[in-house]
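Tertiary structure, described
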Amino acid sequence: MQCKRLRSLARDWYQKVKEDALAPARMMELIYRHIEHCPVCKVDPDLPEELEKIREFIRAPEISPSKEE
Ligand SMILES: [Zn+2]
């Protein structure tokens, strides 16, 4: 993870997941939303693999990128 911003956001979100203030699936959504708008994350080649690890770690269901809004 090259993006410092995402690193700090992920830490905050993970804290909320642990406190049951945020659903794991929602955390993944927030991460993907950040990546969409972040030039650093977009070109980070290791990010997909790291996201998969995070997803497994917080036990979020697999998300297929769909447009719900
Ligand atoms: Zn980023």
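Notes on the structure follow. (Residues numbered from 1 in each chain as written. Predicted model: local features only at pLDDT ≥ 70, side-chain atom pairs only at ≥ 80, totals over all residues.)

Examining the overall build of the protein chain
- Assigned secondary structure in the protein chain consists of 4 helices and 0 strands.
- Seen in sequence order, the protein chain has helices and strands lined up from the N terminus as α-α-α-α.
- Of all intrachain contacts in the protein chain linking residues separated by at least 6 positions in sequence, the fraction that spans at least 24 positions is 69%. (Helix = DSSP H or I, 4+ residues; strand = E, 2+ residues; numbered from the N terminus. Contact = placed C-beta atoms within 7 Å.)

Examining helix 1 (residues 4-18)
- For helix 1, with 15 residues, the first-to-last C-alpha span of 21 Å sits near the 21 Å given by 1.5 Å per residue.
- Burial in helix 1 covers these residues: L6, A10 and W13. Angular distribution of buried residues about the axis of helix 1 spans 70°; they occupy a single face of the element. Of the exposed residues in helix 1, the ones pointing more than 90 degrees away from its buried face are K4, R7, S8, R11, D12, Q15 and K18.
- Once helix 1 finishes, D20 follows within two positions and takes phi at roughly 65°, a positive value. (Expected span 1.5 Å × (residues − 1). Buried ≥ 20, exposed ≤ 12 C-beta atoms within 10 Å, placed from the backbone. Arc of directions from axis to C-beta.)

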